[in-house]
Amino acid sequence: MNATVEFARMNGLGNKILVVDMRGRPDKVTPAAAVALNADPETEFDQIMAIHDPKADGTDAFVDILNSDGSKAQACGNGTRCVVQALAAETGRKAFTFQTVAGILNAVEHEDGTISVDMGKPVFDWDKIPLAEEFHDTSRIEMQIGPIDNPVLHSPSAMSMGNPHAIFWVDKDVMSYDLARFGPLLENHPMFPERANITLAQVTSPTSMTTRTWERGAGLTLACGSAACSAAVSAARTGRTGRKVTINVASAKPPGTLSIEWRERDDHVIMTGPAEWEWSGRLDPSTGLWSRDADRGAEAQ
């Protein structure tokens, strides 16, 4: 078995993604390899999307998702769009069905290059998010950062979009908050036994909002698709917006938007947005050692 596999450095609204082709192999990208890859500025990432041979009938691939700290992730919407773009370029197909540990995801690439991913149904039950305490209504749970009489953040909406999310509603620019300081505290709050993605959300109209996210296992991220979906669903659930919104991802580079629809007929969440290929190479899924495609010719000389 070849020691190395093909991979592509991609991004979804700046969300740094490594798409790794593990098809035809029994092994996996190891947590140690993920940590090593993230430690290199050239391959630093938010998620690895490792494409494996399908495990279930009717699916095109099983996608294993790793965070930059080597932990497993259940869902990554921006990463899924990158996988779609990579496979569409390889096969000429437009529609795909993937299996993840969070369930089945259907996705399609449109003529304009944007990609829609069916992220499935949101989960609101406190024990399935999961939360450490019982809440009858998880659209507003008891939690705050800052003084009791003047908290900086408080009363988030909690839900799961394949992974746990807490959405804090704010009235001013999401970039004005010190999320780098609050993020680790909230991600690891005792309320979240499996940790949580922490999002600041500012509703700007009945059909638009701005978000910024601290991502579980990855830290301060430029974009997070499942967090955008969770913010959109939570906004609709609490009456702040309708069920279809445009989300301005404040930290995305370059700035960009995601279109999110919490579909009424089946409660599925449909996320539409871009993906971008940057460069490709090969890596060792055991150690994380890597090379760029352009570099290998020079190495052979």
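Residues numbered from 1 in each chain as written. Predicted model: local features only at pLDDT ≥ 70, side-chain atom pairs only at ≥ 80, totals over all residues. Heavy atoms only, no water.

- Within an unreviewed UniProt entry, the label attached to the protein reads Diaminopimelate epimerase, and the organism entered is Rhizobium binae.
- According to the UniProt record, the Subcellular location (unreviewed entry) comment for the protein reads "Cytoplasm".
- For the record of the protein, the UniProt heading Catalytic activity (unreviewed entry) holds the text "(2S,6S)-2,6-diaminopimelate = meso-2,6-diaminopimelate". (UniProt positions renumbered as here; feature names shortened; annotations may be inferred.)

### Here's the deal with the overall build of the protein
Link 1 in the chain: Looking only at helices and strands, the protein features five helices and 20 strands.
Link 2 in the chain: Its C-alpha radius of gyration of 19 Å places the protein within 12% of the 19 Å reference for a compact globule of 301 residues.
Link 3 in the chain: By residue count, 54% of the 301 residues in the protein fall in the buried class.
Link 4 in the chain: Charge-centre separation for the protein: the mean point of 28 positive side chains lies 2 Å from the mean point of 40 negative side chains. (Helix = DSSP H or I, 4+ residues; strand = E, 2+ residues; numbered from the N terminus. Rg over C-alpha atoms; globule rule 2.2 N^0.38 Å. Buried < 20%, exposed > 50% of the residue type's maximum accessible area, 1.4 Å probe, protein only. Lys, Arg positive; Asp, Glu negative; His and termini not counted. Charge placed at Lys NZ, Arg CZ, Asp CG, Glu CD.)

### Describing the side chain of Ser208
Link 1 in the chain: Among the secondary structure elements, Ser208 is positioned in strand β14 (residues 208-215).
Link 2 in the chain: Here Thr204 takes part through its side chain, which lies 2.7 Å from a polar atom of the side chain of Ser208.
Link 3 in the chain: Here the side chain of Ser208 touches Ser205 through a polar contact of 2.7 Å, side chain to side chain.
Link 4 in the chain: Ignoring sequence-local partners within four residues, the contact set of Ser208 consists of Val203, Val245 and Thr246. (Polar contact = N/O pair within 3.5 Å; in protein donor to acceptor, adjacent residues only side chain to side chain. Contact = heavy atoms within 4.5 Å.)

### Overview of empty space enclosed by the protein
Link 1 in the chain: Going through the model one piece at a time under the given rule, you end up with two cavities of 30 Å³ or more.
Link 2 in the chain: Roughly 40 Å³ of volume is contained in the largest cavity.
Link 3 in the chain: Around the largest cavity, the lining residues are Gln47, Asn67, Ala73, Ala75, Asn163, Asn197, Glu215 and Arg216.
Link 4 in the chain: Considering only residue class, the lining of the largest cavity consists of two nonpolar, four polar and two charged. (1 Å grid on protein atoms, 1.4 Å probe; cavity = no way out; pocket = protein on both sides within 12 Å on 5 of 7 lines; lining within 4 Å. Points joined across faces, edges and corners; volume = space filled by probe spheres on them. Nonpolar A, V, L, I, M, F, W, Y, C, P; charged D, E, K, R; others polar.)

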